[in-house]
Amino acid sequence: GILVAKLVGAEGYGFYGLVAVAAQFMSYGNLGIFNGLNRELPISKALKSREEEASIYDAVYSFTLVSTILSSILFISLIGLFENTSNFNDGQIIAFILLIYISGNIESFFYNSVKGENQLKVWSIYVSVRPVLDSITSLIFVYLFGYKGFVLSIIVSKIISIFILSNYYSGSIPSFRISKKINKLLI
């Protein structure tokens, strides 16, 4: 952390803060659907209902896809609306925000699925290893690309996490299907 701070500097942390905060606010567009997954999936597993499990995954996948697209469109529209007064006028900043947001949603789907599937050993190892992965990628990318590498390291770390978690994903292959189950998961 100290080495990264020295290499990034105040301007780099400002750039990182702008991107990270915007991406974090965009994630509220998921409206807690992953909490619904964590709540409902273990219940359906206890009832040994494969159909119910599949419908939960379909609902979470469908809602996440729609909310990601709509939140991204809303973000880009707001940027365009306030273009003259916004700090987001740099195309790279917008791209970084969207990449962090989209990769974060994919990672969250697999992260919560591993938890919901009761793969707690895999989940605990992942939670322990993830900070090390973040540190290694940030050191490498900050060294190579400066403060923009700091933001790139977040994206790369999320993509690596997606690959790791997807290898342990044991749920059904979700399909796009809008259903009433979405409402139940959101409530």
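One can find the structure itself at the top, above this paragraph.
So, how was this worked out
- Residues numbered from 1 in each chain as written.
- Predicted model: local features only at pLDDT ≥ 70, side-chain atom pairs only at ≥ 80, totals over all residues.
- Heavy atoms only, no water.
- Helix = DSSP H or I, 4+ residues; strand = E, 2+ residues; numbered from the N terminus.
- Buried < 20%, exposed > 50% of the residue type's maximum accessible area, 1.4 Å probe, protein only.
- Contact = heavy atoms within 4.5 Å.
- Areas by Shrake-Rupley, 256 points an atom, 1.4 Å probe, with all protein chains shown as cover.
- Salt bridge = Lys/Arg side-chain N within 4 Å of Asp/Glu carboxyl O.
- 1 Å grid on protein atoms, 1.4 Å probe; cavity = no way out; pocket = protein on both sides within 12 Å on 5 of 7 lines; lining within 4 Å.
- Points joined across faces, edges and corners; volume = space filled by probe spheres on them.
- Nonpolar A, V, L, I, M, F, W, Y, C, P; charged D, E, K, R; others polar.
- Core = buried A, V, L, I, M, F, W, Y, C linked by side-chain atoms within 4.5 Å.

(A) View of the overall build of the chain. When its secondary structure is counted, the chain shows 7 helices and 0 strands. Along the longest, intermediate and shortest principal axes, the C-alpha atoms of the chain span 55 × 40 × 20 Å. Burial statistics for the chain: of 187 residues in total, 41% are counted as buried. Relative to all contacts within the chain whose residues are 6 or more apart in sequence, the contacts with residues 24 or more apart total 78%. For the chain, the exposed area adds up to about 10500 Å²; of that, 67% sits on carbon and sulfur atoms.

(B) Here's a closer look at the pattern of salt bridges. Tallied over the full model, the rule gives 4 salt bridges. E107 is paired through a salt bridge with K158; the nearest N and O atoms lie 3.3 Å apart. Residue E107 is found in helix 4 (residues 91-116), and its partner K158 is found in helix 6 (residues 147-168); the two are separated by 51 residues along the sequence. Since its relative accessible area comes to 6%, E107 is described here as buried. A relative accessible area of 15% means that K158 is categorised as buried. Ionic pairing is found between D134 and R130, a salt bridge with its closest N-O pair at 2.9 Å. With a gap of 4 residues between them, D134 and R130 both fall in helix 5 (residues 120-145), about one helical turn apart. Taken together, the shared-partner salt bridges in this structure form one network comprising E107, R130, D134 and K158.

(C) Just the layout of surface pockets, in detail. By volume, the largest pocket is sized at about 440 Å³. Forming the walls of the largest pocket are 21 residues, and the residues nearest its centre are Q24, S27, G104, N105 and S108. Listing elements by their share of the lining of the largest pocket, those giving two or more residues are helix 1 (2-27), helix 2 (33-46), helix 4 and helix 6. Top contributing element to the lining of the largest pocket by residue count: helix 4, with 7 residues. Taken together, the residues of the lining of the largest pocket sort by class into 9 nonpolar, 9 polar and 3 charged. For the second largest pocket, the calculated volume is near 250 Å³. If you list the elements that add at least two residues to the lining of the second largest pocket, you get helix 3 (50-81) and helix 4. Looking at the lining of the second largest pocket, its residues break down into 8 nonpolar, 3 polar and no charged.

(D) Fine view of the side chain of N112. Here N112 is to be found in helix 4. A relative accessible area of 8% means that N112 is categorised as buried. Not counting residues within four places of it along the chain, the set of residues in contact with N112 comprises F34, L37 and N38.

(E) Focus on the environment of G116. By the element assignment, G116 lies in helix 4. Residue G116 is classed as buried on the basis of its relative accessible area, which comes to 3%. Non-local contacts of G116, meaning those with residues more than four positions away in its chain, are made with N38, L41, P42 and K45.

(F) Local environment of the nonpolar core. Ranked by internal contacts, the top residues of the largest apolar core, which has 19 residues, are I33, L37, Y57, V60, F109, F110 and L185. Taken together, the elements giving at least two residues each to this core come down to helix 2, helix 3, helix 4, helix 5, helix 6 and helix 7 (181-186). The dominant element in this core, judged by the number of residues it contributes, is helix 3, at 5 residues. Beyond its immediate chain neighbours, meaning those up to four positions away, L185 contacts G32, I33, G36, L37, R39, E40, I56, A59 and V60. If you look at the next biggest cluster of nonpolar residues, it comprises 17 residues, including A22, F96, I154 and I155.

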